[in-house]
Amino acid sequence: MPEPISIEELQLAVRNHGMPLEALRYPVTPLGLHYLLSHYDIPAVDPVSWRLTIDGLVSRPLELTLHQLHARAATEYVVTMECAGNGRARLSPRAFSQPWLDEAVGTARWRGASLAALLEEAAPREGVVELVFSGVDRGTEEGVEQVYQRSLPLAEALRDDVLLAYQVNGQPLPPQHGFPLRLIVPGWYGMTNVKWLSRITAVDTPFEGHQQASAYRLRQREDEEGIPLDRMLPRALMVPPGVPSFPTRERTVSAGRQVLVGRAWSGFAAIAQVRVSTDGGLTWLPAELERDADSPWAWTRWELPWKARRGQAVLLCRATDASGNEQPLEPRWNLGGYANNAVQRVPVTVVE
Ligand SMILES: Nc1nc2c(c(=O)[nH]1)N[C@H]1C(S)=C(S)[C@@H](COP(=O)(O)O)O[C@H]1N2
Ligand SMILES: [Mo]
């Protein structure tokens, strides 16, 4: 039995919500259904006085208004984003943080200015290794007062699909998703995508801020340096079939022909295969995949027909990407509760 959820974890869980899994039916997640994670409070940002500053080791420091950013060439990508802590609540012992189960994910159409084009203008000097992205949101974490900050290696920042986004699903960013501007790095876990962005600083030594050096690392022990998290490991999820009961969410499915449907993604490579088991993992069948060639960073739809027979069944789905990364059947424990991409298990009762 995992330890009970504390009131502090519940406090985080009600502020930062997941995507209800039935929303896997939408290729682009309707905005209010996209997951949400903010470490501190949603800041109030006045779009008129707000500026984006690009400084540090650059030849031409820039200070841009929102209007100036809007006036630049815009690009758009459909991007699946997942929190690095997704699956944390299934680890035991569990790290004290947002207690996600499987649903810290969403897919959105982000529109904005190319970061590479702005960097070309600012011209990072010889010796720059990283860019530090700073949000305006402020708080204390493990005793350290800070604004939310994360860095990105220069080569990654220069990818032509990295965006400074001011629109999502055709609307200005809503307050909770980073108004007026956020970073979008397709393929990387959520923490990379700094919201309420106000400063980009070019540096010649690796950034040692809290979110980089202390958080978001795979560690077995406190005294380890750990491995920094970057790209999303593969994961497949299914729309839980049938109907739930309230409040247990135990599910009942009608016997006969069903179609299991879900989506799968990986930050490393395209999804190569999704296998589905309807007998608790004894036997597996490959699902049919439906890729969207125009959206390489969006999740891939999968489906599999299932002839449901009366009784108990445990449904599982398991993704493999084209780089050969496959989801594990059992969670891999780490101190921070990160990157637990163990397969989803959906128990159901099949009735006539
Ligand atoms: N400024 C700022 N950016 C942030 C965060 C934050 O707390 N502050 N949370 C990060 C984390 S941990 C995740 S998972 C994603 C969540 O993005 P969303 O809330 O738009 O889904 O934003 C990232 N960007
Ligand atoms: Mo996250």
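Along each chain, numbering runs from 1 in the same order as the chain's sequence is written. By the order in which they are written, chains take letters starting at A while ligands take numbers starting at 1. Only residues with pLDDT of at least 70 are given local features in this predicted model, and only at 80 or more are side-chain atom pairs given and counted; all residues enter the totals for whole chains, interfaces and linings. Here the side-chain values reflect all heavy atoms present in the structure, with hydrogen atoms and water set aside.

**Some words on the packing of aromatic side chains**
For step 1, the next point in the chain: Here a Phe, Tyr or Trp ring, Trp counted by its six-membered ring, pairs with any other such ring whose centre lies within 6.5 Å, and the pair is stacked when the planes are under 30 degrees apart, edge-to-face when over 60, and tilted otherwise. For the structure shown, the criterion picks out three aromatic pairs.
For step 2, the next point in the chain: Pairing Y216 with Y338 gives two aromatic rings, centres 5.3 Å apart and planes at 35 degrees, and the pair type is tilted. One end of the pair, Y216, is in the loop between α5 (210–214) and β11 (217–218); the other, Y338, is in the loop between β21 (311–321) and β22 (344–351), with 122 residues separating them in the sequence. One exposure class covers both Y216 and Y338, and it is buried.
For step 3, the next point in the chain: Relative to W299, the ring of W265 lies with its centre 6.1 Å away and its plane at 55 degrees, an arrangement referred to as tilted. Residue W265 is located in strand β16 (residues 256–265), and its partner W299 is located in the loop between β19 (288–290) and β20 (300–308); the two are separated by 34 residues in the primary sequence. Helix and strand definitions here come from DSSP, where helices need a minimum of 4 consecutive H or I residues and strands a minimum of 2 consecutive E residues; each element is numbered from the N-terminal end. Under the scheme applied here, a residue whose accessible area is under 20% of the maximum for its type counts as buried, over 50% as exposed, and between as partly exposed, the area being computed with a 1.4 Å probe on protein chains only.

**Re the site of ligand 1**
For step 1, the next point in the chain: In the vicinity of ligand 1 lie 19 residues, with H39, D137, H177, R182 and K195 positioned nearest.
For step 2, the next point in the chain: One of the side-chain N or O atoms of R182 is found 2.7 Å from an oxygen atom in ligand 1.
For step 3, the next point in the chain: Distance and chemistry together define a polar contact, namely a pair of N or O atoms within 3.5 Å, with one atom able to donate a hydrogen and the other to accept it when in protein, and with adjacent residues in sequence counting only for side-chain atoms on both sides. N193 places a polar main-chain atom, nitrogen or oxygen, 3.1 Å from a nitrogen atom of ligand 1.
For step 4, the next point in the chain: Burial of ligand 1 by the protein amounts to 100% of the accessible area it has alone, namely 530 Å².
For step 5, the next point in the chain: Broken down by class, the residue content of the shell around ligand 1 amounts to 10 nonpolar, six polar and three charged. Proximity is defined per residue: if any heavy atom of the residue lies within 4 Å of a molecule or strand, that residue is considered near it. Surface exposure here means Shrake-Rupley accessible area, sampled with a 1.4 Å probe, where a residue is shielded only by the protein chains that are shown. Residues are sorted three ways: Asp, Glu, Lys and Arg are charged, Ala, Val, Leu, Ile, Met, Phe, Trp, Tyr, Cys and Pro are nonpolar, and all the rest, Gly among them, are polar.

**Examining empty space enclosed by the protein**
For step 1, the next point in the chain: Cavities and pockets were defined on a 1 Å grid built from protein atoms only: a cavity is a group of points that admits a 1.4 Å probe but offers it no way out, a pocket is an open group of points flanked by protein on both sides within 12 Å along at least five of seven lines, and a lining residue is one with an atom within 4 Å of any such point. Grid points are joined across faces, edges and corners, and a volume is the space filled by probe spheres set on the points. Under the defined criterion, the tally for this structure stands at one cavity of 30 Å³ or more.
For step 2, the next point in the chain: Residue composition of the lining of the largest cavity, by class: 11 nonpolar, six polar and three charged.

**A short note on the pattern of salt bridges**
For step 1, the next point in the chain: Basic side-chain nitrogens of Lys or Arg form a salt bridge, by our definition, when they fall within 4 Å of a carboxyl oxygen of Asp or Glu. Applying the stated criterion across every chain yields a total of 16 salt bridges.
For step 2, the next point in the chain: One salt bridge connects E290 with R301, and the closest N-O pair in it is separated by 3.9 Å. Taken together, the residues span a long stretch of sequence, with E290 in strand β19 and R301 in strand β20 at a distance of 11 residues.
For step 3, the next point in the chain: Between R318 and E326 there is a salt bridge, and its shortest N-O distance comes to 3.6 Å.
For step 4, the next point in the chain: With relative accessibility at 13%, the residue R318 sits in the buried group.
For step 5, the next point in the chain: For E326, a relative accessible area of 33% corresponds to the partly exposed category.

**Concerning the pairing of strand β1 (residues 52–56)**
For step 1, the next point in the chain: The element β1 is largely enclosed, with a buried count of four among its five residues.
For step 2, the next point in the chain: Taken together, the three bridges between β1 and strand β2 (residues 62–64) define a ladder with antiparallel strand orientation. Note that in β2 the partner of L52 across the bridge is L64.
For step 3, the next point in the chain: Paired strands, as defined in this entry, are two strands with at least two bridges between them according to DSSP. In textbook terms, the turn of a hairpin is the stretch between consecutive antiparallel strands, and for β1 and β2 this stretch comprises five residues.
For step 4, the next point in the chain: In this sheet, strand β10 (residues 197–203) lies alongside β1 in parallel orientation, the contact comprising four bridges. Among the inter-strand pairings, I54 is bridged to a residue of β10, identified as I200.

**Notes on the domain arrangement of the chain**
For step 1, the next point in the chain: Start and end points for every domain follow an automatic or database-based domain assignment. Entries for the chain in the domain assignment read domain 1 (7–228) and domain 2 (235–351).
For step 2, the next point in the chain: Taking only C-alpha atoms into account, the centre of domain 1 sits 27 Å from that of domain 2.
For step 3, the next point in the chain: Two residues qualify as a contact provided that any one of their heavy atoms is within 4.5 Å of a heavy atom in the partner residue. Counting residues at the interface gives 40 residues for domain 1 and 23 residues for domain 2.
For step 4, the next point in the chain: For the domain 1 face of the interface with domain 2, the top three residues by lost area are L24, T80 and L91, together amounting to 22%.
For step 5, the next point in the chain: Its salt-bridge partner being R235, residue E82 comes within 2.7 Å of it at the nearest N-O pair.
For step 6, the next point in the chain: The interface formed by domain 1 and domain 2 holds 19 residue pairs in polar contact (both at pLDDT 80 or more) in total.
For step 7, the next point in the chain: Among the secondary structure elements, those contributing two or more residues to the side of domain 1 that touches domain 2 are β3 (74–82), β4 (105–114) and β11.
For step 8, the next point in the chain: No other element matches β3, which puts five residues into the side of domain 1 that touches domain 2. Buried area is understood as the total, over both parts, of accessible area removed when two parts are fitted together, assessed with a 1.4 Å probe.

**Things to note about the sheet that holds strand β14 (residues 243–244)**
What links the strands of a sheet is backbone hydrogen bonding, and the strands pair in either a parallel or an antiparallel sense.
For step 1, the next point in the chain: Reading across from one edge, β14-β15-β22-β21-β17-β18 is the order of the six strands in this open sheet, with mixed pairing throughout. Since the sheet does not close on itself, it has two edges, and those belong to β14 and β18 (285–286), each with one partner.
For step 2, the next point in the chain: Pairing geometry for strand β15 (residues 251–254) and β22, over four bridges, is parallel. What sits directly across from S254, in β22, is V351.

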